[in-house]
Amino acid sequence: MTRGNRRVPLVAWALALGGVMLAGSSSGGQSPAAVQQAVDKAYAEYKALKEGKNADYIPALAKVDPNLFGIAVVTADGKVHSAGDIKTEVSIQSISKVFTMAQVIQEQGLESVEKQIGVDATGARFNSIIAVEGVRTVVGTGAPEMNPLVNPGAISATSMVKGASADDVWKKIIGLHNDAAGRQLTVLQDVYKSESDTNQRNQAIGALMLAYGYIKNNWQQAVDLYTRQCSIGVNAQDLATMAATLAFGGKNPVTGKQVLDASRVPGVLAVMATAGLYDDSGKWLYHTGLPAKSGVGGGIIAVSPGKFGIAVVSPPLDDAGNSVRAQRAITAISNTLGGNPYIPTGLKGSNP
Ligand code: DON
């Protein structure tokens, strides 16, 4: 037998072993049972946690059941591991900013967002007008220090989606949300009406963004479509599938559809890492290492690239506007599963 011939069975053995390992590990080395166990444990641990308060500056959000609590993790094989209520819908709110930003990046390239909006944290609250004032002097002289995940940047991103009419723009926005979630989503009309009746602050932001040249055209249309995208109804399973689409290079692992070019996804994740939880983004990243995004409806999505997408829905928020239970549950589950991408593979590192 030659050396070459002896290699054949070795290669076959290695391939077979690899297949067995892949079948038994769906989230970067964790078995499906281990993923489910981590989800169940976090659900049991945080089910009774009562900290935080529903958002009430949008009146419809104050009426949502604060006890709603659902966790979902979607792994590479498209399997959904869950606990609690993963079917009741809440409004997606600011989590939609990720997918509208992704739509702009998809159609106009990574530079478009960087140049017209910026990709820097503002260090201010999500609806800060001071943040708009703070960056306006750099228009025309360089990239603004803003990002598409705070309200001013998000309304600008919505204004950048190309379309001959408001309907055309909306079809693209809802289309990307649908593809990432793997089903047809709809707008929660009560939330849309409630927010439209009370969004004077966002209207002021839209008008200011036009005045300072960040928004180039119809700011009223941008604010209205932004309000509509924030009112899209989603449940924990939808959100986890959307997170998983980002975790697996823009390919929805449940439907198998390539929703975004893989080359666009790292830029999206970078802005989520620096600004996804607003002025608490640094603390969040310090403890989890995960790009994430919160919404005042009570959802948070987080992405462990190549491993899993995770989402939790629980309406009570902390002072920064982020769901309290969602932060705790995602941190616990991800750290159990080794989701932190800053910990080298194979090392049993600990999180701060
Ligand atoms: O514009 C707003 O204020 C809301 N539609 C969205 C804010 C939001 O979700 C902030 N997130 N944590």
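Just above sits the structure.
The following refers to the structure shown. (Residues numbered from 1 in each chain as written. Predicted model: local features only at pLDDT ≥ 70, side-chain atom pairs only at ≥ 80, totals over all residues. Heavy atoms only, no water.)

## A look at the packing of helix 7 (residues 151-160) against helix 10 (residues 200-211)
Two measures define how a pair of helices packs: the angle their axes make with one another and the distance between the axes.
Piece 1. In the contact formed by helix 7 and helix 10, the axes pass within 9 Å of each other and the chain directions differ by 65°. Taken together, the axes of helix 7 and helix 10 are roughly perpendicular relative to one another. Viewed along their axes, helix 7 and helix 10 form a crossing whose handedness is right-handed. From helix 7, Asn151, Pro152, Gly153, Ile155 and Ser156 reach across to helix 10, where they touch Asn202, Ile205, Gly206 and Met209.
Piece 2. Counted by class, the contact of helix 7 with helix 10 contains 4 nonpolar, 5 polar and no charged residues. (Axes fitted to C-alpha atoms, helices over the stretch in contact; angles between N-to-C directions. Helix = DSSP H or I, 4+ residues; strand = E, 2+ residues; numbered from the N terminus. Parallel < 35°, antiparallel > 145°, perpendicular 65-115°, else oblique. Left-handed = near helix turned anticlockwise from the far one by under 90°. Contact = heavy atoms within 4.5 Å. Nonpolar A, V, L, I, M, F, W, Y, C, P; charged D, E, K, R; others polar.)

## A closer look at the packing of helix 7 against helix 11 (residues 219-230)
Piece 1. Between helix 7 and helix 11, the shortest axis-to-axis distance is 8 Å and the interhelical angle comes to 105°. The angle between the axes of helix 7 and helix 11 places the two elements in the roughly perpendicular class. Between helix 7 and helix 11, the contacting residues are Asn151, Ala154, Ile155, Thr158 and Ser159 on the first element and Ala222, Val223, Leu225, Tyr226 and Gln229 on the second.
Piece 2. Grouping the constituent residues of the contact of helix 7 with helix 11 by class yields 6 nonpolar, 4 polar and no charged.

## Comments concerning the sheet that holds strand 7 (residues 308-313)
Piece 1. The 5 strands are arranged 2-1-7-6-5 in an open sheet whose pairing can be described as antiparallel. Since the sheet does not close on itself, it has two edges, and those belong to strand 2 (80-84) and strand 5 (292-294), each with one partner. For this sheet, the mean angle separating the axes of adjacent strands, direction not counted, is 10°.
Piece 2. Two elements, strand 1 (residues 70-75) and strand 2, share 5 bridges in a ladder whose sense is antiparallel. Bridged to glycine 70 within strand 2 is glycine 84.
Piece 3. Seen against the sheet, helix 12 (residues 236-247) touches strand 1, strand 2, strand 6 (299-304) and strand 7 and runs at an angle of roughly 150° to strand 7. (Pairing = 2+ DSSP bridges.)

## A closer look at the packing of aromatic side chains
By convention here, two paired aromatic rings are described through the distance between centres and the angle between planes.
Piece 1. Counting across every chain of the model gives 3 aromatic pairs.
Piece 2. Seen in terms of ring centroids, tyrosine 43 and phenylalanine 69 are 5.0 Å apart; in terms of plane orientation they differ by 15°. Their pairing is stacked. Of the two residues, tyrosine 43 is situated in helix 2 (residues 32-46) and phenylalanine 69 in the loop between helix 3 (59-62) and strand 1; the sequence distance between them amounts to 26 residues. The pair formed by tyrosine 43 and phenylalanine 69 is uniform in burial state, with each residue classed as buried.
Piece 3. Ring plane angle 45° and centroid distance 5.2 Å describe the contact between phenylalanine 126 and tyrosine 278, whose orientation is recorded as tilted. Separated by 152 residues along the polypeptide, phenylalanine 126 in the loop between helix 5 (110-116) and helix 6 (130-135) and tyrosine 278 in the loop between helix 13 (265-275) and helix 14 (281-288) bring together distant segments of the chain. (Phe/Tyr/Trp six-rings, centres within 6.5 Å; stacked < 30°, edge-to-face > 60°. Buried < 20%, exposed > 50% of the residue type's maximum accessible area, 1.4 Å probe, protein only.)

## Digging into the environment of isoleucine 205
Piece 1. With respect to the element layout, isoleucine 205 can be found in helix 10.
Piece 2. Taking relative accessible area as the criterion, isoleucine 205 reaches 0% and is therefore assigned buried.
Piece 3. With residues up to four places along the chain from it excluded, the contact list for isoleucine 205 reads Asn127, Ile129, Asn151, Pro152 and Ile155.

## So, the environment of isoleucine 174
Piece 1. You can see isoleucine 174 is positioned in helix 8 (residues 166-181).
Piece 2. The buried category is assigned to isoleucine 174, whose relative accessible area is 12%.
Piece 3. Counting along the chain gives 11 residues from isoleucine 174 to leucine 185, while the straight-line C-alpha distance between them is 7.5 Å.

## Let's talk about the site of the ligand
Piece 1. Contacts to the ligand come from 14 residues, most closely from Tyr57, Gln93, Ser94, Glu195 and Tyr226.
Piece 2. In the environment of the ligand, an oxygen atom lies 2.6 Å from a nitrogen or oxygen atom belonging to the side chain of tyrosine 226.
Piece 3. Between tyrosine 278 and the ligand, the recorded distance is 3.2 Å, taken from a side-chain N or O atom to a nitrogen atom.
Piece 4. If the ligand stood free it would expose 340 Å²; the protein chains cover 99% of that surface.
Piece 5. Across the shell around the ligand, the residue classes tally to 6 nonpolar, 7 polar and 1 charged. (Near = heavy atom within 4 Å. Polar contact = N/O pair within 3.5 Å; in protein donor to acceptor, adjacent residues only side chain to side chain. Areas by Shrake-Rupley, 256 points an atom, 1.4 Å probe, with all protein chains shown as cover.)

Function-wise, these values are silent; they only describe arrangement.
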